[in-house]
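Structural overview
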Amino acid sequence: MMNWFKQLFSRRRLYDDLSEEIHEHLEEKIEELVASGMPRKEAAAAARREFGNVTLMEGDSREVWRWSSIENFLMDVRYGLRMLRRSPGFTAIAVLTLALGIGANSAIFSLVDSSLLRALPFSKSARLVRIYTTETDGEIHTPSATEYLALRKYAQSFDEITGLGWADYFYGSDQSGWQNISGYRITTNWLTALGVQPYLGRNFVEEEQEAGRDNVAILSFNCWRSRFHADPQIVGQRLTLNRRNFTVVGVLPETLGRYYGDDIFAPLVLSSYTAARGRDRARVQIAARLKPGVTLGQARSEISVIAQQLRASKPPTDLSGHLTVQEFTEEFQNLGPTARNAQRGLWMMLGGAGLVLLIASANVSSLLLARAVKRRKEIAVRATLGCSRPRMIRQLLTECAVLFLCGGILGVLVARWSEDLLMNLIAGLGPNGAYVSINSRIFLFSLGVSFLCALVFGFVPALHATRINLNDSLKDVAPTTVGGFHSRRPRNLFLVSQVALGMVLLVGFGLLLRSFLHVESVPMGYDPANVLTASVGLSTPRYREPSTRLHFLRATVERARLMPGVESAGMTETLPLDGADSGSLIVENHAAGAHEGTRETRRLSVDSEFFSTMKFTMLAGRAFNDNDSIDSAAVVIVNQTFANKFFPKENSLGRRFAFADSPMTWREIVGIVSNVRQRNLDEDSQPIAYLPLAQTLPHDLHLAIRVRDSADMGPVSRGLSNWLWPLDQDLYWAQSTMLQRVHDSESVSLRRPVVTLLALFGGLALLLALIGVFGITSFSVAERTREIGIRIALGAARSEVAGLVLKETLLLTVAGLASGALAALVLTQLLPAGPLGWSGSAISLYGVSRTDSLTYFCSCAVLGFVALAACYIPAQRAMRVDPMVALRYE
Amino acid sequence: MKKPEQRDLFPGALEMMILRTLKRQPLHGYALVQHIKRTSNDLLQIEEGSLYPALQRLLKEELVKAEWAVSSTNRRVRIYRLTAAGAKHLQRQVSSFERMLEGITRVLTPGES
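Note that residues are indexed from 1 along each chain, following the sequence as it is written. Chain labels run from A onward and ligand labels from 1 onward, assigned in the order the entries are written. Totals for whole chains, interfaces and linings use all residues, but because this is a predicted model, local features are given only for residues with pLDDT of at least 70 and pairs of side-chain atoms are given and counted only at 80 or more. To get the side-chain values, take all heavy atoms of the structure and skip hydrogens and water.

So, about the overall build of chain A. Counting from the N terminus, the helices are DSSP H or I runs at least four residues long and the strands are E runs at least two residues long. On a plain count of helices and strands, chain A comes out with 30 helices and 22 strands. Counting only C-alpha atoms, chain A reaches 135 × 75 × 60 Å along its principal axes. Throughout, a contact is declared for two residues whenever any of their heavy atoms are within 4.5 Å. Within chain A, contacts between residues at least 6 apart in sequence are counted, and of these 81% link residues at least 24 apart. Note on areas: Shrake-Rupley, 1.4 Å probe, and residue coverage restricted to the protein chains presented here. A total accessible area of about 40600 Å² is found for chain A, and carbon and sulfur atoms account for 58% of it. Charge counting treats Lys and Arg as positive and Asp and Glu as negative, with His and both chain ends excluded. Charge positions are represented by NZ for Lys, CZ for Arg, CG for Asp and CD for Glu. One way to put it: in chain A the 91 positive side-chain charges average out to a point 5 Å from where the 82 negative ones average out.

Below, the discussion takes up the overall build of chain B. Helices and strands together make up the secondary structure of chain B, namely five helices and three strands. Shown N-terminal to C-terminal, the secondary structure of chain B runs as helices and strands in the order α-α-β-α-α-β-β-α. The buried share of chain B, taken over its 113 residues, is 40%. Restricting the contact set of chain B to residue pairs at least 6 apart, pairs at least 24 apart contribute 45%. Roughly 7000 Å² of accessible area belongs to chain B as shown, and the carbon and sulfur atoms make up 53% of that amount. Remark: exposure states derive from per-residue accessible area (1.4 Å probe, protein chains only) relative to the maximum for the residue type, with buried under 20%, exposed over 50%, and partly exposed in between.

Now for the interface of chain B and chain A. How big an interface is tends to be expressed through the accessible area that disappears when the partners come together. Taken together, the contacts link 25 residues of chain B with 24 residues of chain A. Taken together, both faces of the contact between chain B and chain A bury some 2500 Å²; the carbon and sulfur share is 51%. Salt bridge, as used here, is a side-chain nitrogen of Lys or Arg placed within 4 Å of a carboxyl oxygen of Asp or Glu. In this assembly, chain B and chain A are joined by seven salt bridges. Where K29 of chain A meets E48 of chain B, a salt bridge forms, and the shortest distance between an N and an O atom there is 2.4 Å. The set of elements that each furnish at least two residues to the side of chain B that touches chain A consists of α3 (29–39), α4 (51–60) and β3 (76–82) of chain B. Amino acids outside the nonpolar list (Ala, Val, Leu, Ile, Met, Phe, Trp, Tyr, Cys, Pro) and the charged list (Asp, Glu, Lys, Arg) are all regarded as polar, and Gly is one of them. In terms of residue class, the side of chain B that touches chain A is made up of nine nonpolar, six polar and ten charged. Using a 1.4 Å probe, buried area is obtained as the accessible area two parts lose upon being combined, added over both of them.

It is worth spelling out the confidence of the model for chain A at this point. Along the chain, pLDDT gives the predictor's confidence residue by residue, from 0 to 100. Here chain A averages 84 in pLDDT, and 91% of its residues register 70 or above. Contacts from residues 477–483 of chain A, a stretch scored under 50 in pLDDT, to residues over four places away or in other chains number nine contacts.

This part is about the nonpolar core. Of all hydrophobic cores here, the largest spans 94 residues; its most connected members are I108, L512, Y690 and F761 of chain A. Per-element accounting of this core gives the leading share, 14 residues, to helix α18 (residues 489–520) of chain A. Once you skip the residues sitting within four places of it in the chain, F761 of chain A turns out to touch A104, I108, M349, G352, A353, V356 and L505 of chain A. Among the nonpolar cores identified, the runner-up in size contains 35 residues, and L18, L33 and A46 of chain A together with L55 of chain B belong to it. Take the buried Ala, Val, Leu, Ile, Met, Phe, Trp, Tyr and Cys residues and link them wherever side-chain atoms come within 4.5 Å; each set so joined is a nonpolar core.

Okay, the side chain of E302 of chain A next. Residues and elements named next belong to chain A. Inspection of the secondary structure puts E302 in helix α10 (residues 296–310). It turns out E302 is buried and unbridged, and the closest side chain with the opposite charge, K291, is 7.7 Å from it. In protein, a polar contact means a hydrogen-donor-capable atom and an acceptor-capable atom, both N or O and within 3.5 Å, with residues adjacent in sequence counting only if both atoms are side-chain atoms; elsewhere, any N or O pair within 3.5 Å suffices. Here S157 takes part through its side chain, which lies 2.2 Å from a polar atom of the side chain of E302. E302 has contacts with Y154, A155, Q156 and S157, leaving out every residue within four places of it along the chain.

Let us now look at α18 of chain A. One less than the number of residues in a helix, times 1.5 Å, gives the span that helix is expected to have. Under the 1.5 Å per step criterion, the end-to-end length of α18 of chain A is 46 Å for 32 residues, consistent within 8% with the ideal 46 Å. Across the 32 residues that make up α18 of chain A, a large majority, 24, are buried.

A few words now on the side chain of N105 of chain A. All names here are of chain A. With respect to the helices and strands, the residue N105 is situated in helix α5 (residues 88–117). One polar contact links the side chain of N105 to the main-chain amide nitrogen of G354, over a distance of 3.5 Å. Beyond its immediate chain neighbours, meaning those up to four positions away, N105 contacts L350, A353, G354, L357 and F445.

Quick look at the sheet that holds β3 of chain B now. Residues and elements named next belong to chain B. One bridge is not enough; two strands pair if DSSP finds at least two bridges between them. With antiparallel pairing, the three strands of this open sheet are ordered in space as β1-β3-β2. A strand with exactly one partner marks an edge of an open sheet, and here the two such strands are β1 (27–28) and β2 (64–70). Relative to β3, β2 runs antiparallel, the two being bridged by seven bridges. Looking at β3, one finds that A69 is bridged to V77.

In this section: the pairing of strand β18 (residues 656–659) of chain A. Consecutive side chains along a regular strand alternate between the two faces of the sheet. Residue and element names in this part refer to chain A. Note: strand β14 (residues 581–587) against β18, three bridges, orientation antiparallel. By the bridge assignment, L585 is partnered in β18 with F659. Pairing geometry for β18 and strand β19 (residues 667–673), over two bridges, is antiparallel. Paired with F657 across the bridge in β19 is R667.

Okay, the environment of R40 of chain A next. All names here are of chain A. Checked against the element boundaries, R40 lands in helix α2 (residues 40–51). Spatially, the C-alpha atom of R40 lies 107 Å from that of A734, the residues being 694 residues apart in sequence. Among residues more than four places away in sequence, those in contact with R40 are E27, I30 and V34.

This part covers a positive patch on the surface. Patch members must show over 30% relative accessible area and no salt bridge, and they are joined within 9 Å when carrying like charges or within 5 Å when they are nonpolar side chains of Val, Leu, Ile, Met, Phe, Trp or Tyr. On the surface, R78, R82, R85 and R86 of chain A cluster together to form a positively charged patch. Position of R78 of chain A among the secondary structure elements: in helix α4 (residues 68–86).

On to the pattern of salt bridges, then. Enumeration over the complete set of coordinates arrives at 36 salt bridges over all chains. Its salt-bridge partner being E50 of chain A, residue K37 of chain B comes within 2.8 Å of it at the nearest N-O pair. Highlighted residues: K37 of chain B in helix α3 and E50 of chain A in helix α2, drawn from two different chains. Given a relative accessible area of 14%, K37 of chain B falls into the buried group. Among the ionic pairs, E746 of chain A bridges to R679 of chain A, the shortest N-O distance being 3.6 Å. One end of the pair, E746 of chain A, is in helix α25 (residues 746–749); the other, R679 of chain A, is in the loop between β19 and β20 (688–692), and 67 residues separate them in sequence. A single salt-bridge network, built from bridges that share partners, covers K29 and E50 of chain A together with K37 and E48 of chain B.

The next thing to look at is the packing of aromatic side chains. Residues and elements named next belong to chain A. When two rings of Phe, Tyr or Trp (its six-membered ring) have centres within 6.5 Å they constitute a pair, described as stacked for plane angles under 30 degrees, edge-to-face for angles over 60, and tilted for the intermediate range. Under the definition given, this model contains 24 aromatic pairs over all chains. With centroids separated by 5.7 Å and ring planes inclined at 70°, the aromatic side chains of F610 and F616 adopt a geometry described as edge-to-face. What makes F610 buried here is its relative accessible area of 1%. Ring plane angle 75° and centroid distance 6.1 Å describe the contact between F616 and Y690, whose orientation is recorded as edge-to-face. With F616 in the loop between α20 (610–614) and β16 (618–621) and Y690 in strand β20, this pair connects stretches of sequence that are 74 residues apart. Pair check on accessibility: F616 and Y690 agree, each one buried. Among the aromatic residues, ring-to-ring pairing joins Y526, F610, F611, F616, F624 and Y690 into one connected group. Geometrically, a lysine NZ or arginine CZ counts as sitting over a ring once it is within 6 Å of the ring centre and also within 35 degrees of the ring normal. Seen from the ring of F90, R371 lies directly overhead, with NZ or CZ sitting 4.3 Å from the centre. Sitting above the plane of the Y79 ring, R382 keeps its charged end 5.1 Å from the centroid.

Shown next as structure tokens:
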């Protein structure tokens, strides 16, 4: 190694020695020959003859010292850069095209990478477990504070047992209005046990878990970036949460956001946490780290023993309180359907970006092919000077790689600029932890992709360029008889594939756009326009009594009804698009042969004004009224699906049923309402039972307020916040509108980023196709100038000449459209099928078939039009060919 | 491009001859080529110049070393000298060459086996 290093620097001297030595050699020879009686001139010639080619020998001798492959490569790079500089127009178009293609991929890959490909952001996550409990119905649930305390006291299998609770904060200053942000309450050992290092500042210290000293907060990375503009001085600053002052002590790393997505982390003070909710209602998520040497099985058996002791006082029929231990790794691999679909959305985006890159690369490849024709002479000269074909191919590939790498580097910049745009776009995909961050991984990815594309897409042009007939090329007649359709085959192939890829992208976009529009305009069963909503969490001790809650909200809704501009106001347990609780039911006098499957229904409580406020359609019976109270007979209103499913052949009005969890309360069906979209816009409708809230006294309540006119929305909303807030200083009111909720609902917000991005990519693909078709057509016109000149001289009409140019391009475009349509038919099979209904939403086709003819037709039309437009200037140019000039050209 | 000497000699042959000659005595390039020509009775048609790339390879691998000196004819010459590594390398090359030659000879003389 040192030797090599030395050689690198002493090379100049080595070369000088060599030249001198060879010179001396020849001199000695000449002198010897002269001494033997040869004339000096002859002797010099003889010496050279005997010696051989002096330059070649010297060159060969020097080459021994070179690290030839690397140096050849560097030489090729230098040469490539020189060639690129010499044709700035070509270089600019090629690099820009590639930068867009690669940039799009880098940015989207960064999203995919951050949300799908990263390992868990915890240290030694295989030793981390979460502990769950069971509910009365046997379902797995987050443990109660009691169970948490017991585990902390008795469990021996763990190094650390940590707890995490939830908290809602309202944050802000009076000027900017309040905002509701959600956060966690964590035990001070939570971060250390999981092995998470704060990105800025410090972790909590143990004393901060005591009441009164817990006014410290650690921000999530997202919160820090979006609310505090990534202020590097954030640590030590104060912020007001729930009207209390908190000091920011740290910021968490970005990677944690995928698993713990809330904004604020504050110490968990168990006493005040349980005081607000009651010890058994206060839930604490338990995460623990296994002691070294303790197996998961050992931990499980220990936990089950503790659980048995805890359950000792409960009757054996009670299924609650079974503690289960689940591994972190397993835990985080099982995602909910919505999160899975959000990820699918990311893959779709990456697919779109990939198509754009392929189109861009094909574009550059065809430009390279065109240039190869121009460089035919240069290449011929090099071939005659003894450059071998593999050597030339290597050189052309290096040149191509330089071009693509330039594009790649610029692409990383493009990705960086698009960071904000993308972050805004993907916000709709929900807290999936995806973020754009152009780090070294992404940089390497970009370079890798550029390099791969350069090899793949540079190979054909390089092969093509070096396949030359020396004799023809060196003669000065190059651009005249450039074969026919046949010799342009690779270029034509690129054009066809460009159009085909564009077609795939446009069809994919078109189908998803039509689905999106269908979803957005789906009949919801209620009128979301002019409806304001207000929700409040009544978790403070003051509202622990259900009747207090109801009383408070009744007073509020009464007051809202009196506001000017308000048409009506109602209350509900869950607003439309929020889904609903479920329960199984027992039907009284159940007729044999009627529905025998699971009798699961959704249920929610509403007040008497809710249906009229939302404009539900009553199909039969009556709505609730003020007589339906806690003292009167239990009643229920069901939706159409409920009636059809459970009472298929009979009139359901007047029938009675009870819910399995309160089997003594028989509820009479007094009305039937039409189906509404309660969970998602693209759901399959499910049976829903509406209960009068005066009889159920639910925990959560939401107000829906219909105003008379859209102009009243603003004033009523402001009026509401003016008197809602002072009602109780400790309450946070989340105000919104139904239209906003539709806009933010999963089925729309999941699709929106994908559709928007595909629109962007589709536009990009069209632009690239325009450039590609234009480039190839103009080039073939330039190449055929002489042929066109002859045709015109022989009497061809100008329009015939234009037809000649158009015919070829259009033929290729049609071929591209046809193969693209076929490819699209196959590739759209990858789009997820059917809506998921209540369990989440998918980016699926909705209201449109995979073979939707309108989409295919429009994509064809748009691409065809673009191709035609791209031909316009070249065709004009062909028509303007002056036969005299064209023929005199040589 | 094919190097001319590779047409006439097998690869490594020239190096072997150079090393063998230098083992006898240190020489400069011109004297070296004259010696090889003379001892082979001009049977080997080598271009004098082809010696130099071979010498550079040997120098690079440190099988020989070179230094400038003044010859008896008062000429500045570069004298090549065999190194210890060169001597070892020569020995290995010669023995493997002999084995190869023996093999070839056996094939070329029929009836012996």
